[in-house]
Amino acid sequence: MKSVVVVGAQWGDEGKGKVVDYLAGSFDYIARVAGGHNAGHTVIIGKDRYVLQLIPCGILRPKQQAVIGTGTVVDPAALVAEIATLSKAGIDVKGRLHVSNRAHLIFPYHRELDKAAEGARGANKIGTTSRGIGPAYEDKMARRGLRQDWHDLSRNRPGLRRQNGAARPAYVRPTGAGAVSKESGARGRGEEPARKGRVRRGHRFFA
């Protein structure tokens, strides 16, 4: 099977979306292999303008299949919203959009972790989109992330509780209590004293 790989050689905004859209007509499957919904692939067809953040732009062609691959991180809410936007624009994704069951999930607490970490950097902020993409990849690398194949969450509460107890830098406290400094440490309801420089994750995503 012949394939072509489009790789950005800088930090983004190289025009990858335009290149992929140009090539998409010659391929059956167009796949995105990495990243989250912070991308901004804009495709203009005639007078219509489409902005895609997670779904490969090959979806705009009626006969092509689009794949969100193993290396991506997926925010379910963002994905549903993007599908709805395409539907309103007359683009039907049914039977043509495929999501790898090995892709990791972005949860609401990932967004809170992202915001807290960025806020703790002060003047050294990196300009994150605060969409939880970085923290989701951190969980993936630490082997504590949850993947798409965790479709039946009611049967996987033990795994979620293990995720709930994972350690995080002390400036992050996703319990609603806000960020805490590395010096101050933290103790929340039902939590043990924080170790130096670390704090237990205190979110209660699934009770």
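Caption draft 1: Spatial organisation of the nonpolar core. With 17 residues, the main nonpolar core has Ile-55, Ile-59, Leu-60, Ile-68, Leu-79, Leu-86 and Leu-97 as its most contacted residues. When contributions to this core are tallied by element, the ones reaching two or more residues are strand S3 (48-52), strand S4 (65-74) and helix H2 (76-88). Looking at which element gives the most residues to this core, the answer is S4, with 3 residues. When residues no more than four places from it in sequence are discounted, the contact partners of Ile-68 are Arg-32, Leu-54, Ile-55, Pro-56, Val-74, Leu-79, Leu-97, His-98, Val-99 and Ser-100. The next biggest cluster of nonpolar side chains, apart from the first, holds 5 residues, and it includes Leu-105, Phe-107, Tyr-109 and Leu-146.

Caption draft 2: Inspection of the layout of surface pockets at higher detail. Space inside the largest pocket adds up to approximately 1600 Å³. In terms of lining, the largest pocket is formed by 47 residues, of which the most central are Val-6, Lys-16, Arg-32, Ala-34 and His-41. Mapped onto the lining of the largest pocket, the elements with two or more residues apiece are helix H1 (16-24), strand S1 (29-35), strand S2 (41-45) and helix H4 (133-141). Looking at the lining of the largest pocket, the element that brings in the most residues is S1, giving 7 residues.

Caption draft 3: View of H1. Turning to H1, its buried residues are Gly-17, Asp-21 and Ala-24. Buried residues in H1, looked at end-on, bunch into an arc of 60°, giving them a common side. Seen from the open side of H1, the exposed residues pointing more than 90 degrees away from its buried face are Lys-18 and Tyr-22. Lining the buried residues of H1 we find S1 and S2.

Caption draft 4: Highlighting the packing of helix H3 (residues 108-120) against H4. Relative to each other, H3 and H4 sit at 110°, their axes nearing to 7 Å. Here H3 lies roughly perpendicular to H4, going by the angle between them. In the crossing of H3 with H4, the sense of the turn from one axis to the other is right-handed. The residues of H4 that touch H3, namely those facing Tyr-109, His-110, Leu-113 and Asp-114, are Ile-133, Gly-134, Pro-135, Ala-136 and Asp-139. Residue composition of the contact of H3 with H4, grouped by class: 5 nonpolar, 2 polar and 2 charged.

Caption draft 5: Here's a closer look at unusual backbone geometry. Despite not being glycine, Ser-130 has its phi angle at roughly 60°, a positive value. Structurally, Ser-130 can be placed in the loop between H3 and H4. The phi dihedral of Arg-143 falls on the positive side, at around 60°, and the residue is not glycine. As for its placement among the helices and strands, Arg-143 is situated in the loop between H4 and helix H5 (157-164). According to the relative accessible area criterion, Arg-143 is exposed, its value standing at 81%.

Caption draft 6: Focus on the pairing of S4. The buried fraction of S4 is high, at 8 of 10 residues. Across 6 bridges, the pairing between S1 and S4 is parallel. What sits directly across from Ile-30, in S4, is Ala-66. Summarising the sheet, S4 and strand S5 (residues 97-99) pair through 3 bridges and their orientation is parallel. Along S5, the bridge assignment pairs Ile-68 with Val-99. Read as a crossover between parallel neighbours, the route from S4 over H2 to S5 is right-handed.

Cut-offs used in this document
Residues numbered from 1 in each chain as written. Predicted model: local features only at pLDDT ≥ 70, side-chain atom pairs only at ≥ 80, totals over all residues. Heavy atoms only, no water. Core = buried A, V, L, I, M, F, W, Y, C linked by side-chain atoms within 4.5 Å. Buried < 20%, exposed > 50% of the residue type's maximum accessible area, 1.4 Å probe, protein only. Helix = DSSP H or I, 4+ residues; strand = E, 2+ residues; numbered from the N terminus. Contact = heavy atoms within 4.5 Å. 1 Å grid on protein atoms, 1.4 Å probe; cavity = no way out; pocket = protein on both sides within 12 Å on 5 of 7 lines; lining within 4 Å. Points joined across faces, edges and corners; volume = space filled by probe spheres on them. Arc of directions from axis to C-beta. Axes fitted to C-alpha atoms, helices over the stretch in contact; angles between N-to-C directions. Parallel < 35°, antiparallel > 145°, perpendicular 65-115°, else oblique. Left-handed = near helix turned anticlockwise from the far one by under 90°. Nonpolar A, V, L, I, M, F, W, Y, C, P; charged D, E, K, R; others polar. Pairing = 2+ DSSP bridges. Right-handed = clockwise from strand over helix to strand, strands pointing away.

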